[in-house]
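Remarks on the overall topology
Now for the letters of each chain:
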Amino acid sequence: MVSALTSLAVGVSCGLVSLFYAIGVTRAQRLGRTTPSLWRRISFGSGIALILISLIGPVDTLSGQYFTVHMIQHLLLMLIAPPLLLVGAPVVIVLRGLPPFLQRPVFVTVARNRVMRRITQTLLHSHVALGLFLATLWLWHVPQLYSAAVNDDLVHLLEHTLFFWPSVFFWWNVVDSWPFRARLSAPRRLLYIFFATAGLKLVGVLITVSGQVLYTAYLLPREGTALAALDDQRIGGLIMWMGGGLYMLLPLAIVFFRWAQQDAMAAPSAPVRPSANAAPSPQSNAHDPL
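Every value quoted in this text rests on a predicted model; they were computed, and no experiment measured them.

What about the confidence of the model for the chain?
- When the pLDDT values of the chain are averaged, the result is 85; 88% of them are 70 or greater.
- Throughout residues 275-290 the model reports pLDDT below 50, and contacts reaching past four residues in sequence, or to other chains, amount to one contact.

Notes on the layout of surface pockets
- For the second largest pocket, the calculated volume is near 580 Å³.
- Elements supplying a minimum of two residues to the lining of the second largest pocket: α2 (38-55), α4 (67-87), α11 (186-209) and α12 (229-266).
- In the lining of the second largest pocket, the residues fall into 16 nonpolar, three polar and five charged.

A look at the packing of aromatic side chains
- The full count for this structure, using the stated rule, is 13 aromatic pairs.
- Each ring, one from F67 and one from Y218, has its centre 5.9 Å from the other, and the planes form 85 degrees; the classification is edge-to-face. Of this pair, F67 sits in helix α4 while Y218 is found in the loop between α11 and α12, placing the two residues 151 residues apart along the sequence. Considered together, F67 and Y218 belong to a single accessibility category, that of buried residues.
- Centroid distance Y146 to Y215: 4.4 Å. Interplanar angle 40 degrees. Geometry classified as tilted. Of this pair, Y146 sits in helix α9 (residues 143-151) while Y215 is found in the loop between α11 and α12, placing the two residues 69 residues apart along the sequence.

Thoughts on helix α8 (residues 126-139)
- Taking 1.5 Å per residue as the helical rise, α8 with its 14 residues ought to reach 20 Å, and the 20 Å between its terminal C-alpha atoms agrees with that figure.
- All buried positions along α8 are accounted for by S126, A129, L130, F133, L134, T136 and L137. Take α8 and look down its axis: the buried residues cluster within an arc of 165 degrees, on one side only.

Calculation criteria
- Residues numbered from 1 in each chain as written.
- Predicted model: local features only at pLDDT ≥ 70, side-chain atom pairs only at ≥ 80, totals over all residues.
- Heavy atoms only, no water.
- pLDDT = per-residue confidence, 0-100.
- Contact = heavy atoms within 4.5 Å.
- 1 Å grid on protein atoms, 1.4 Å probe; cavity = no way out; pocket = protein on both sides within 12 Å on 5 of 7 lines; lining within 4 Å.
- Points joined across faces, edges and corners; volume = space filled by probe spheres on them.
- Helix = DSSP H or I, 4+ residues; strand = E, 2+ residues; numbered from the N terminus.
- Nonpolar A, V, L, I, M, F, W, Y, C, P; charged D, E, K, R; others polar.
- Phe/Tyr/Trp six-rings, centres within 6.5 Å; stacked < 30°, edge-to-face > 60°.
- Buried < 20%, exposed > 50% of the residue type's maximum accessible area, 1.4 Å probe, protein only.
- Expected span 1.5 Å × (residues − 1).
- Arc of directions from axis to C-beta.

The structure is reproduced here in structure tokens:
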């Protein structure tokens, strides 16, 4: 019953957010205001789709039977869906898409309430966001808590909530989600991603090299598979260790190349000294203010 209600709540929430986003884009276009580009809108839609894939249907069902699938579910919720959503610049667009009677109260609560702004600024601070990201990652892979999440739907819901939202705060410091910009410089942003990657990979390594089944919920007999619980656990650990680590190379590369590109654009170019025998170009003279 709890699982069915959770699936319904996730489906309705994703549907409403997607609807408000679409309405917000349409209204902004009609008024001639800035809207996210097509590829950003596709990114937002992909993030919504991954949340639905992760939390509704076979992936969520199989996560209670296979540690490997549960690990994939976690990585989708922590590493892939949040940055895709943020690339879509959803904050202002969703606010614009709300029904008129909701726009002002929500805007006042989100943007003008002093307490809300202070809480948001604290959660988005790079040290807090990184600490929450790593703390929730490590905490929920403690065997007792992890097994409790597998066996209890309410604990499972709490686990996913605490995986997703700290991940949103973490990725906000990596992705410049319009109209906000991350306050970290490019070198600090690289270091920020590096520490998150190191923490992620360390959890994966510890799970992979363990010689015993850490998560006893997966010791129960499972029909239709010959995959032993320990092998299942090791594959899941490898997915976090190698798969998650390789994935994190992507934001590292993007931040590095954007940094290099900005430095190249900022570097002054040496003036070209015309030859004494060269005839003046009529085209260049036409644009010469002197």
